[in-house]
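Below, each chain spelled out in residue letters.
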Amino acid sequence: MLSTLALHLGAHKTATTTLQRAFDARRRELLRLGTGYLGPGDLRDEPGLVFPKPEMPPSRIAQVQGRTASLLETLVPGALGERRSRLLVSEENILGTPRLMLRHAALYPGLTARLGALPADWDMADTHIFLSIRDYAGFFASCHSTVAQQGVWVPFGAQERTALARMPRRWPDVVADIRATLPAARLTVWRYEELRATGLAVVEAMAGGPFEIDLAAPGAMGALSAGAMAGIAEASFAAGGARLPGAQVRRIRQETEGSGPYDPWDAETRRTLSALYEEDCARIARMEGVALL
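Residues numbered from 1 in each chain as written. Predicted model: local features only at pLDDT ≥ 70, side-chain atom pairs only at ≥ 80, totals over all residues. Heavy atoms only, no water.

Caption draft 1: Structural detail: the overall build of the protein. Broken down by element type, the protein carries 13 helices and six strands. Here the C-alpha radius of gyration of the protein, 19 Å, is about what a compact globule of 293 residues would show, namely 19 Å. Here the protein holds 293 residues, and the buried ones make up 51% of them. Looking at the protein alone, contacts between residues at least 24 apart form 82% of all its contacts between residues at least 6 apart. Surface exposure of the protein reaches about 13600 Å², of which carbon and sulfur atoms provide 52%. One way to put it: in the protein the 33 positive side-chain charges average out to a point 3 Å from where the 32 negative ones average out. (Helix = DSSP H or I, 4+ residues; strand = E, 2+ residues; numbered from the N terminus. Rg over C-alpha atoms; globule rule 2.2 N^0.38 Å. Buried < 20%, exposed > 50% of the residue type's maximum accessible area, 1.4 Å probe, protein only. Contact = heavy atoms within 4.5 Å. Areas by Shrake-Rupley, 256 points an atom, 1.4 Å probe, with all protein chains shown as cover. Lys, Arg positive; Asp, Glu negative; His and termini not counted. Charge placed at Lys NZ, Arg CZ, Asp CG, Glu CD.)

Caption draft 2: The layout of surface pockets, seen in detail. In this structure, the largest pocket spans a volume of roughly 1200 Å³. Contributing to the lining of the largest pocket are 42 residues, with His-12, Lys-13, Glu-92, Pro-98 and Thr-146 lying nearest its centre. Of all the secondary structure elements, the ones that give two or more residues to the lining of the largest pocket are α1 (16-25), α3 (40-43), α5 (98-104), α7 (136-149) and α10 (195-207). Classifying every residue of the lining of the largest pocket gives 18 nonpolar, 13 polar and 11 charged. (1 Å grid on protein atoms, 1.4 Å probe; cavity = no way out; pocket = protein on both sides within 12 Å on 5 of 7 lines; lining within 4 Å. Points joined across faces, edges and corners; volume = space filled by probe spheres on them. Nonpolar A, V, L, I, M, F, W, Y, C, P; charged D, E, K, R; others polar.)

Caption draft 3: Inspection of the nonpolar core at higher detail. By size, the foremost hydrophobic cluster in this structure holds 60 residues, and its most contacted members are Leu-7, Leu-131 and Trp-171. Element by element, the count of residues in this core is highest for α7, at seven residues. For Trp-171, the contacting residues outside a window of four places in its chain are Ala-11, Leu-107, Tyr-108, Ser-132, Ile-133, Arg-134, Tyr-136, Phe-139, Tyr-277, Asp-280 and Ile-284. (Core = buried A, V, L, I, M, F, W, Y, C linked by side-chain atoms within 4.5 Å.)

Caption draft 4: Seen up close, the packing of aromatic side chains. Enumeration according to the criterion identifies nine aromatic pairs in this entry. Between Phe-23 and Phe-211 the ring centres are 5.4 Å apart and the planes differ by 45°, which places this aromatic pair in the tilted class. Here Phe-23 is found in helix α1, whereas its partner Phe-211 is found in the loop between α10 and α11 (226-238), with 188 residues between them in sequence. The same class applies to Phe-23 as to Phe-211, namely buried. Their ring planes at 85° and their centres at 5.7 Å tell us that Phe-156 and Trp-265 sit as a pair that is edge-to-face. On the criterion of sequence distance, the pair formed by Phe-156 in the loop between α7 and α8 (158-165) and Trp-265 in the loop between α12 (246-255) and α13 (267-285) is long-range, its members being 109 residues apart. The residues Phe-156 and Trp-265 share a single accessibility class, namely buried. Feature note: the residues Tyr-108, Tyr-136, Phe-139, Phe-140, Trp-171 and Tyr-277 constitute an aromatic cluster, connected by ring pairs. Over the aromatic face of Phe-211 sits the side chain of Arg-26, whose NZ or CZ is 3.9 Å from the ring centroid. (Phe/Tyr/Trp six-rings, centres within 6.5 Å; stacked < 30°, edge-to-face > 60°. Lys NZ or Arg CZ within 6 Å of the ring centre and 35° of its normal.)

Caption draft 5: Structural context of the sheet that holds strand β3 (residues 86-90). Spatial strand order, β2-β3-β1-β4-β5-β6: six strands in an open sheet with parallel pairing. This sheet does not close on itself; its edge strands, each paired only once, are β2 (35-38) and β6 (290-292). Taking each pair of neighbouring strands and ignoring which way they run, the sheet shows an average axis angle of 20°. Direction of pairing for strand β1 (residues 4-8) relative to strand β4 (residues 127-133): parallel, over a ladder of four bridges. For His-8, the partnering residue across the bridge sits in β4 and is Phe-130. Against the sheet, α10 makes contact with β1, β2, β3, β4 and β5 (186-191), and its axis sits at roughly 155° relative to β5, the strand it touches most. (Pairing = 2+ DSSP bridges. Axes fitted to C-alpha atoms, helices over the stretch in contact; angles between N-to-C directions.)

Caption draft 6: Quick look at the pairing of β2. Of the two faces of β2, the one carrying Thr-35 and Tyr-37 and the one carrying Gly-36 and Leu-38 are both buried. Both β2 and β3 contribute to a ladder of four bridges, which runs parallel. Paired with Leu-38 across the strands is Val-89, a residue of β3.

Caption draft 7: Local environment of unusual backbone geometry. With omega at 15°, the peptide bond leading from Gly-10 into Ala-11 counts as cis. Despite not being glycine, Ala-105 shows a phi value in the positive range, around 50°. Within the secondary structure layout, Ala-105 lies in the loop between α5 and α6 (111-115). Classification of Ala-105 by relative accessible area gives buried; the value is 18%. Phi angles above zero are rare outside glycine, and Met-167 is one such case at about 50°. Assignment of secondary structure puts Met-167 in the loop between α8 and α9 (171-181).

Caption draft 8: Highlighting the environment of Ala-185. Checked against the element boundaries, Ala-185 lands in the loop between α9 and β5. Looking at Ala-185, the relative accessible area reads 5%, which means it is buried. Placed 58 residues apart in sequence, Ala-185 and Thr-127 show a C-alpha to C-alpha distance of 4.9 Å. If sequence neighbours within four positions are ignored, Ala-185 has contacts with Asp-123, Met-124, Thr-127, Ile-129 and Arg-179.

See below:
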């Protein structure tokens, strides 16, 4: 029976996959600490386990929420086994996806509805939520790179960058949505930029005890170079916008190796976004019920 929940919501592009790979590969170690584990490999292949999208009508959102909450509840006993009551769930796609954010030019749009798909009894005093955040300029550039690596080109020209840089939603809005939907839970937020300083303590709080991870290891999906991004954009245009095969993406990446990092922002916009991020970290630190590391 579930009595304690550690809910790791990501975010994307903040070493989340690095943590998940360690949790998944070392499930026995987690079990010895008294912690069951559910990660992306357990959730994303589960038929019908999806989260609402902003464009869905209210009736469809309610239907998806009810079905997903029920499916999540059915997965808990198998993860816990007979003797454990503490569960770690790590899945950044609860918040949304990079593609969804780029398409809507907003940071995790429709988040309240997505969080509403979690089981109601997950909102309890013994739930501890973990969220990592990142400077906006680097976060969205990395999201764009991730979508391109999947063979999908989402336009990110001057018009799209300007819309996104207006920041209709920011990290404090994400934190506020989490607090409003899961008010009984504790929430710890940490900065991706401080990962090496704070990451181990966060990981051990998630795992329920000592659990070392090499936080200096290369990311699971390294960012594409400027040349690779340009090559994927050109190939996507030639293919009429169709998704590119993985082999073609890898070939483009190899052929453009060493062409320099991808950075879609001009210097002024990057400074503005960084200033907003610092301002928002200060706002989050003042929010009730939130611990910012």
